[in-house]
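In case you want the letters, here they are:
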2 protein chains.
Amino acid sequence: MSEPRQILFNAVHMNCIGDIAHGLWTHPRDESSRYTDLTYWSELAQTLERGRFDTLFLADIIGANDVWQGRPDMALREGIQHPINDPLLLVPVMAASTRHLGLAATVNLSYEVPHLFARRLTTLDHLTGGRVAWNVVTGFLDSAARAAGLDQQLAHDARYDRADDFMALSYKLWEGSWEDDAVVRDRAARVYTQPGKVHRVRHDGPHYRADTIFLSEPSPQRTPVLFQAGASGRGKDFAARHAECIFVAGNKEQVAQTVRDITARAQQLGRRREDLKFFVGLVVIVGETEAQARERLEEYRRYASPEAGLAHFSAQTGIDFSRFDPDLPITNPDTQAVKSFLESVTTQSQGKTWTVRTLLDQMTLGCRNVPVVGTPAQVADELVAWVDGVGVNGFNLIRTVVPECFTDVVDLLVPELQRRGRYKREYTPGTLRAKLFGHDRLPERHIAATYRPGVQASGEAVAA
Amino acid sequence: MSEPRQILFNAVHMNCIGDIAHGLWTHPRDESSRYTDLTYWSELAQTLERGRFDTLFLADIIGANDVWQGRPDMALREGIQHPINDPLLLVPVMAASTRHLGLAATVNLSYEVPHLFARRLTTLDHLTGGRVAWNVVTGFLDSAARAAGLDQQLAHDARYDRADDFMALSYKLWEGSWEDDAVVRDRAARVYTQPGKVHRVRHDGPHYRADTIFLSEPSPQRTPVLFQAGASGRGKDFAARHAECIFVAGNKEQVAQTVRDITARAQQLGRRREDLKFFVGLVVIVGETEAQARERLEEYRRYASPEAGLAHFSAQTGIDFSRFDPDLPITNPDTQAVKSFLESVTTQSQGKTWTVRTLLDQMTLGCRNVPVVGTPAQVADELVAWVDGVGVNGFNLIRTVVPECFTDVVDLLVPELQRRGRYKREYTPGTLRAKLFGHDRLPERHIAATYRPGVQASGEAVAA
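Below or above, wherever it landed, is the structure these notes cover. (Residues numbered from 1 in each chain as written. Chains lettered and ligands numbered in written order. Predicted model: local features only at pLDDT ≥ 70, side-chain atom pairs only at ≥ 80, totals over all residues. Heavy atoms only, no water.)

### Examining the interface of chain B and chain A
No. 1: Contacts between chain B and chain A engage 80 residues on the former and 80 residues on the latter.
No. 2: When chain B packs against chain A, close to 6800 Å² is buried across both sides, 59% of that on carbon and sulfur atoms.
No. 3: By the criterion of area lost to chain A, the three top residues of chain B are B:Leu89, B:Arg187 and B:Arg190, representing 12% of everything that side buries.
No. 4: Here B:Asp151 ties to A:Arg209 by a salt bridge, and the two come within 3.2 Å at their closest N and O atoms.
No. 5: Between the two partners, chain B and chain A, sit 39 residue pairs in polar contact (both at pLDDT 80 or more).
No. 6: If you list the elements that add at least two residues to the side of chain B that touches chain A, you get α2 (73-78), α3 (91-96), α4 (114-127), α5 (142-147), β5 (183-186), β6 (191-193) and β8 (209-212) of chain B.
No. 7: Broken down by element, the residue count for the side of chain B that touches chain A peaks at eight residues, all from α4(B).
No. 8: Residue composition of the side of chain B that touches chain A, grouped by class: 41 nonpolar, 17 polar and 22 charged. (Contact = heavy atoms within 4.5 Å. Buried area = accessible area lost by both parts, 1.4 Å probe. Salt bridge = Lys/Arg side-chain N within 4 Å of Asp/Glu carboxyl O. Polar contact = N/O pair within 3.5 Å; in protein donor to acceptor, adjacent residues only side chain to side chain. Helix = DSSP H or I, 4+ residues; strand = E, 2+ residues; numbered from the N terminus. Nonpolar A, V, L, I, M, F, W, Y, C, P; charged D, E, K, R; others polar.)

Okay, structure coming up:
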């Protein structure tokens, strides 16, 4: 008898008051307005660790959501991911208050200097004892490009080309510069590092150049665990090449297809199904009884902001829905992309005629996700159906009212899943990658391994 | 009777094992090899707070010290600021373990994207409750430029020109984008931010461009407390314009002159003497008796590395001293700069003929600083002489053997200074700037204030 497939939990939040399910910061029990306070984050991390969550993932955005009405007013008023603080700086705080929880953050690579960015991630991997993950994104907001002094961002596929170059240089720094036994810390001989075990990184790529030895000594995982959420063909190729944890969206049939598709692309590159973990985003509302869960949903709806959800959707698609007649079908060609996008991310939308009004009706909790609502057993049934029937490995649990959206999962849903043998009762010791994949470092079949010393001529030893 | 002048203490360390006094990581009691461990930093911060230190300052470097012998071997072997991790990521850890200690870090602005950098500092100012300071540097290592893909760094004065442009944009983001009452967090009205109180920053400078509203809401200090250490004429002008805490070096006569010089330059810009705090770097070894202090010095010397100190000096000056005959006077023209530099940073060097051997003799503790050694009363006398006679406000206490170099100061020297009425017994409440200068924000007479809304047309409100 084979063991039932285990379920992974990744809590999703951002360093701001309005992440995905908009408007809920106004709920009287929501504490996300404390986001500038250290203790908000250390307490949250402890709650998640109590519930044996695998990771807390902090998404990020580095421009204003200003497509709606062509200005950021709605985003500021409703707090749609703005103001937003740096997510990486929360990682040390949460690492100090926990021992096992994985700590993941988005960093948009488009505006980073690779060797300084690589040092930040390595520093965090040291400080967390190897619990860091990076969600690789290339951005989608022209406002972010303008904030960085550019007129507009690169085109979609060109962003991924640049990202491939960024990854190549990052792997050289993380995997190729310092050998495992370079650092000896020999006080008697007064040798901290053996220079002959440190290699110069030379990179002359289409987008990035560098000539350096990496600033940091090797951290437990070297390359952080890599998250990615590519939905386009080019994005899926990128995920198949680089990612370890992949965020997927859509209904069950669509997601099953995406999992098969990305897995096949990865296998063509020599990777294996077990090198990949797929996470689907869900809004979960769980109650001791179904009536309590339904009541909570209705209560949340009174504070949610469908308008903010739609304004956010405008930023994501680049289409200003404020200009549309609310009751006319969205049919003009430039919104075909929107329709397919919407159909791909909701589970009850096939064949529907979309208008702005029906879009708003869809966004009951200020986002496009249809919440999974019910008793622990009912919600667990749905999660198991995703894992066993669709092939995902876990869930991105999207924040609603914090902290209760997570304490409810910890106190009600996790015990139910544990009773079913579907969820760990204790953490596996070791790094995040060891917990998820059984090894601290990326496997030999990952592209990063080609940049290791001795694998190819990625650099020369500093000393003879 | 006027109150005796108070003495400020700024502990100096780096996120590495070899900062300034090289070789001491090999001392059996030195714990800096734990620098990758969170608890090393949280414990250090608590020690300093127990001793009512004003700040812990984390210096930084982002390239290899590879001038000596034209390669980084010595730097790697001896751990001369390499490997080195990111300092900013230590700030949240130390903030979580303390309540008052100011937390300062160097960031070389030359490779930063201004609006992302500004967000990092603002995030830290939020998380620390307004205890963050930034040491503004433009770098001096060509290796840092090559690591970032450039052939070499800008020339010295051009780096300061770029820095002025960087500061102008940073002030616009920190001071000019969000009004104090922009954020209302009104749950009932569902208004987090009033868009009419948020201003678009437009910057089209010689080096930096941006068109954005700042990502972060205002933090307690807005602009972090600004540290700087300009020694050249151009550097002093930069300090006079921007800096609040200024690091100075030299013998007493030289430092007195520098304090007068920078103060006069600042006053010409409308600033006041009380807007500036001057800190001189010192290596202090204090013992209960003079014999104990001397014994400790001798013990430290057995672990210190003058060679590493000289290799570091090579990186700082760009001159490879390994090529020199150790016993011939250093007289050729390109080392005149070295001689003046050396005379400026040591107190016993006037009129001396320098050779590589005498340079090495000077570096008894692996650095150019002549240690101040003695009983609490003897060391206190010397500090008081600096404060009363020279006009500095405090001291950069350079790390030797950690943590005892700081616990000795906390347990022996601080009580002596407190008995003399020269050192605070308790912290003043509030932000770091309030503790040092009596107000949370930069004063109206600082150049940053010219970028505030209403002061000049620095931006337009987002909404009508």
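### Regarding the relation of the copies chain B and chain A
No. 1: Turning chain B through 180° and shifting it by 0.0 Å along the axis lays it on chain A, with an RMSD of 0.0 Å. Accordingly, the operation relating the two chain copies is best matched by a two-fold axis.
No. 2: Here 100% of the interface residues in chain B have copies in chain A that are interface residues too; the copies meet face to matching face. (Least-squares fit on C-alpha atoms with pLDDT ≥ 70 in both.)

### Some words on the pairing of strand β10 (residues 245-248) of chain A
Residues and elements named next belong to chain A.
No. 1: Every second residue of β10 is oriented toward a common face, with Cys245 and Phe247 on one face and Ile246 and Val248 on the other, all of them buried.
No. 2: In this structure, strand β9 (residues 225-228) lies alongside β10, joined through two bridges in parallel fashion. Its bridge partner being in β10, Phe227 is matched across the sheet by Cys245.
No. 3: For the segment spanning β9, helix α7 (residues 233-242) and β10, crossover handedness is right-handed.
No. 4: Bridge count between β10 and strand β11 (residues 277-282): four bridges; the pairing is parallel. Paired with Val248 across the bridge in β11 is Val280. (Buried < 20%, exposed > 50% of the residue type's maximum accessible area, 1.4 Å probe, protein only. Pairing = 2+ DSSP bridges. Right-handed = clockwise from strand over helix to strand, strands pointing away.)

### Considering the sheet that holds strand β14 (residues 394-398) of chain A
All names here are of chain A.
No. 1: Within the closed barrel, the eight strands sit side by side as β1-β2-β3-β4-β9-β10-β11-β14. Their pairing is parallel. Between one strand axis and the next, the sheet turns by 25° as a mean value, whatever way the strands run.
No. 2: With four bridges joining them, β11 and β14 adopt parallel strand pairing. Considered in β14, the bridge of Leu282 is made with Leu397.
No. 3: Lying on the sheet, helix α4 (residues 114-127) is in contact with β3 (102-108) and β4 (132-137); it crosses β4 at an angle near 150°.
No. 4: On the sheet, helix α14 (residues 404-419) packs against β1 (8-14) and β14 and is oriented at approximately 170° with respect to β1. (Axes fitted to C-alpha atoms, helices over the stretch in contact; angles between N-to-C directions.)

### Considerations on helix α10 (residues 306-317) of chain B
Residue and element names in this part refer to chain B.
No. 1: With 12 residues, α10 should cover 16 Å at 1.5 Å per step; its first-to-last C-alpha distance of 16 Å lies within 8% of that length.
No. 2: The element α10 is extensively covered by neighbouring structure, given that nine of its 12 residues are classed as buried.
No. 3: When α10 is considered as a whole, its buried residues turn out to be Pro306, Ala308, Gly309, Leu310, Ala311, His312, Phe313, Ser314 and Ala315.
No. 4: Trailing α10 by a residue or two, Gly318 shows a phi angle of about 75°, which is positive. (Expected span 1.5 Å × (residues − 1).)

### What about the sheet that holds strand β1 (residues 8-14) of chain B?
Residues and elements named next belong to chain B.
No. 1: Read around the closed barrel, eight strands run β1-β2-β3-β4-β9-β10-β11-β14, paired in parallel fashion. Strand-to-strand twist across the sheet, computed as the mean angle between neighbouring axes with direction ignored, equals 25°.
No. 2: Running over the sheet, helix α7 (residues 233-242) touches β4 (132-137), β9 (225-228) and β10 (245-248) and is turned about 165° from β9.
No. 3: Sitting on the sheet, helix α8 (residues 252-268) touches β10 and β11 (277-282), and the angle it makes with β11 is about 155°.

### So, the nonpolar core
No. 1: Residues A:Phe9 and B:Phe9 are the most contacted members of the largest nonpolar core, which totals 197 residues.
No. 2: When near neighbours in sequence (up to four residues on either side) are disregarded, B:Phe9 contacts B:Phe53, B:Asp54, B:Thr55, B:Leu383, B:Phe395, B:Leu397, B:Val409, B:Leu413, B:Val414, B:Leu417 and B:Tyr423. (Core = buried A, V, L, I, M, F, W, Y, C linked by side-chain atoms within 4.5 Å.)

### Concerning the environment of B:Gly18
No. 1: Examined against the element boundaries, B:Gly18 turns out to sit in the loop between β1 and α1 (38-50).
No. 2: In contact with B:Gly18, not counting residues within four places along its chain, are B:Gly79, B:Ile80, B:Gln81 and B:Arg399.

### Section: the pairing of β1(A)
All names here are of chain A.
No. 1: Counting buried residues along β1, seven of its seven residues qualify, which places the element largely inside the surrounding structure.
No. 2: Burial of β1 is two-sided: the residues Leu8, Asn10, Val12 and Met14 facing one way and the residues Phe9, Ala11 and His13 facing the other way are all buried.
No. 3: Both β1 and β14 contribute to a ladder of five bridges, which runs parallel. Note on β14: the bridge partner recorded for Val12 is Ile398.
No. 4: Both β1 and strand β2 (residues 55-59) contribute to a ladder of five bridges, which runs parallel. Note on β2: the bridge partner recorded for Val12 is Phe57.
No. 5: Following the backbone out of β1, through helix α1 (residues 38-50) and into the adjacent parallel β2, one traces a crossover that is right-handed.

### Some points on the packing of α4(B) against helix α6 (residues 156-176) of chain B
All names here are of chain B.
No. 1: The contact between α4 and α6 brings their axes to 10 Å, and the two run at 55°. When the axes of α4 and α6 are compared, the pair comes out oblique. Relative to α6, the crossing made by α4 is right-handed. Judged by residue contacts, Pro114, His115, Phe117, Ala118, Leu121 and Thr122 of α4 engage Phe166, Leu169, Leu173 and Trp174 from α6.
No. 2: Its residues placed into classes, the contact of α4 with α6 shows eight nonpolar, two polar and no charged. (Parallel < 35°, antiparallel > 145°, perpendicular 65-115°, else oblique. Left-handed = near helix turned anticlockwise from the far one by under 90°.)

### Some words on the pattern of salt bridges
No. 1: Under the counting rule described, the total for this entry stands at 85 salt bridges over all chains.
No. 2: Between A:Glu404 and A:Arg296 there is a salt bridge whose closest N-O contact spans 3.6 Å. Of the two residues, A:Glu404 is situated in helix α14 and A:Arg296 in helix α9 (residues 290-301); the sequence distance between them amounts to 108 residues.
No. 3: You can call A:Arg296 partly exposed: its relative accessible area is 21%.
No. 4: One salt bridge in this structure joins B:Lys252 and B:Glu382, with 3.1 Å as the shortest N-O distance. Linking B:Lys252 in helix α8 with B:Glu382 in helix α13 (residues 376-390), this pair joins segments that are 130 residues apart in sequence.
No. 5: The class of B:Glu382 is partly exposed, set by a relative accessible area of 25%.
No. 6: A network of salt bridges, in which partner residues are shared, links A:Arg29, A:Arg296, A:Glu299, A:Glu404 and A:Asp408.

### Looking at α1(A)
No. 1: Taking 1.5 Å of rise per residue, 13 residues should cover 18 Å, and α1(A) covers 19 Å from first to last C-alpha, within 8% of that figure.
No. 2: On its buried side, α1(A) packs onto β1, β2, α3 (91-96) and α14 of chain A together with α3 and α4 of chain B.
No. 3: Backbone geometry just after α1(A) places A:Arg52 at a positive phi near 60°.

### Thoughts on the side chain of B:Lys277
All names here are of chain B.
No. 1: Considering the arrangement of structural elements, one finds Lys277 in strand β11.
No. 2: Buried and without a salt bridge, Lys277 has Asp54 as its closest oppositely charged side chain, separated by 8.8 Å.
No. 3: Among the polar contacts listed, one links the side chain of Lys277 to the backbone oxygen of Leu436, at a separation of 3.5 Å.
No. 4: With residues near it in sequence (within four places) discarded, Lys277 still touches Leu8, Glu244, Cys245, Ile246, Asn393, Leu436 and Phe437. (Lys, Arg positive; Asp, Glu negative; His and termini not counted.)

### Details of the state of the cysteines
Residues and elements named next belong to chain A.
No. 1: A complete count under the given rule lists zero disulfides over all chains for this structure.
No. 2: Cys16 takes part in no disulfide bond, and the closest cysteine sulfur to it belongs to Cys405, at a distance of 13 Å.
No. 3: In this structure Cys16 comes out as buried when scored by relative accessible area, which is 0%. (Disulfide = S-S within 2.5 Å.)

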